[in-house]
Amino acid sequence: MSAISVTGLRKSYGDHVVLDGLDLDVPRGTVFSLLGANGAGKTTTVRILSTLINADAGQARIDGHDLTREPDAVRAAIGVTGQFSAVDNLLTGEENLLLMADLDHLARRDGRRRAAELLEQFDLVEAGRKPASTYSGGMRRRLDLAMTLVGSPRVIFLDEPTTGLDPRSRRNMWQIVRDLVAGGVTIFLTTQYLEEADELADRIAVLDNVKSSPRGRRRAC
Ligand SMILES: Nc1ncnc2c1ncn2[C@@H]1O[C@H](COP(=O)(O)OP(=O)(O)OP(=O)(O)O)[C@@H](O)[C@H]1O
Ligand SMILES: [Mg+2]
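As a starting point, this report considers the structure included with it.

Reading the values: the criteria
- Residues numbered from 1 in each chain as written.
- Chains lettered and ligands numbered in written order.
- Predicted model: local features only at pLDDT ≥ 70, side-chain atom pairs only at ≥ 80, totals over all residues.
- Heavy atoms only, no water.
- Helix = DSSP H or I, 4+ residues; strand = E, 2+ residues; numbered from the N terminus.
- Rg over C-alpha atoms; globule rule 2.2 N^0.38 Å.
- Buried < 20%, exposed > 50% of the residue type's maximum accessible area, 1.4 Å probe, protein only.
- Contact = heavy atoms within 4.5 Å.
- Areas by Shrake-Rupley, 256 points an atom, 1.4 Å probe, with all protein chains shown as cover.
- Lys, Arg positive; Asp, Glu negative; His and termini not counted.
- Charge placed at Lys NZ, Arg CZ, Asp CG, Glu CD.
- Near = heavy atom within 4 Å.
- Polar contact = N/O pair within 3.5 Å; in protein donor to acceptor, adjacent residues only side chain to side chain.
- Nonpolar A, V, L, I, M, F, W, Y, C, P; charged D, E, K, R; others polar.
- Donors = N, O, S within 2.8 Å, 3.2 Å for Na, K, Ca; no water.
- Expected span 1.5 Å × (residues − 1).
- Arc of directions from axis to C-beta.

## Overview of the overall build of the chain
- A tally of regular secondary structure across the chain gives seven helices and 10 strands.
- Taken over the C-alpha trace, the chain has a radius of gyration of 18 Å; the compact-globule value for 221 residues is 17 Å, and the two agree within 12%.
- For the C-alpha atoms alone, the extent of the chain along its principal axes is close to 55 × 35 × 35 Å.
- By residue count, 47% of the 221 residues in the chain fall in the buried class.
- Sequence-distant contacts, at least 24 apart, represent 67% of the contacts inside the chain between residues at least 6 apart.
- Accessible area of the chain: about 11200 Å², with a carbon and sulfur share of 48%.
- Put simply, the chain has 29 plus and 30 minus side-chain charges, and the middle of one group is 2 Å from the middle of the other.

Structure, rendered in structure tokens:
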């Protein structure tokens, strides 16, 4: 069964066509990578599939749930690490995780246990007591992903998870993705790097601007 299946997805902003009939299929427990230049529509696709914005047309099922008819069930199944950090700078790493646990309605004790596990897993045990404002870009990215994992989502959207990371931090992030997939999670990731898609993805799609109509078309191939 597919974790994500999409047919005929369309989205325009005014007369600017961003997605013009996007089709894709992601089997469970695999990594799907969406490549594309700046402005190609990667974040738009992630935002639609994670229920943050509506498409103009098309259908999508996420973890077996219809995106438009069952958005709450979709939200319960997914985690999203956006292109720009959701980390609260005024809170420590641990407090950011506990806040997510609260938002995910975890019992207090379960939330504390999950936060401790994730700080350990993401090598943030010491940093966890410090305000996120003192973190480096790589630490912040790791905390951001850890926050996404608090609710143990089955499908995870990662929008450019390694942009701006140094080669070592990038490799660490790749290992985290591989470990998640080994645990049965499905990953939908966007990237600007062909090498990253090549390393991680079972399937790759490129959002391409096809100038076959006066307005231009976006499609995945
Ligand atoms: N809220 C909005 N209103 C108008 N246009 C928008 C809006 N959001 C995105 N766009 C436009 O849609 C297009 C696709 O944007 P999107 O953010 O999806 O690209 P992207 O592939 O994620 O790019 P990047 O690699 O820079 O993150 C761009 O031309 C952008 O200007
Ligand atoms: Mg983007």
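Next, the rest of the story.
## Some details on the site of ligand 1
- By nearness alone, 14 residues border ligand 1, and Gly-39, Lys-42, Thr-43, Thr-44 and Gln-83 come closest of all.
- One of the side-chain nitrogen or oxygen atoms of Lys-42 is found 2.8 Å away from an oxygen atom of ligand 1.
- A distance of 3.1 Å separates an oxygen atom of ligand 1 from a polar side-chain atom of Gln-192.
- Considering ligand 1 on its own, with 630 Å² of exposed area, one finds that the protein chains cover 63% of that surface.
- Sort the elements by how many residues they give to the shell around ligand 1 and helix α1 (residues 42-49) lands first, with three residues.
- Among the residues making up the shell around ligand 1, the classes are represented as four nonpolar, eight polar and two charged.

## A short note on the coordination of the magnesium ion (ligand 2)
- Those donors, Thr-43 (OG1) and Gln-83 (OE1), are the protein atoms that reach the magnesium ion (ligand 2), and they lie 1.9 to 2.1 Å from it. Remark: Gln-83 occurs in the loop between β6 (78-81) and α3 (93-103) and Thr-43 occurs in helix α1; sequence separation between them is 40 residues.

## Things to note about helix α4 (residues 108-121)
- For α4, built from 14 residues, the straight-helix expectation of 20 Å at 1.5 Å per residue is met to within 8% by its first-to-last C-alpha distance of 20 Å.
- All buried positions along α4 are accounted for by Gly-111, Arg-114, Ala-115, Leu-118 and Leu-119. Buried residues of α4, viewed axially, fall in a sector of 135°; they line one side. Across from the buried face of α4, at angles greater than 90 degrees, the exposed residues are Arg-109 and Glu-120.
- Downstream of α4 by one or two residues, Asp-123 has phi in the positive range, about 55°.

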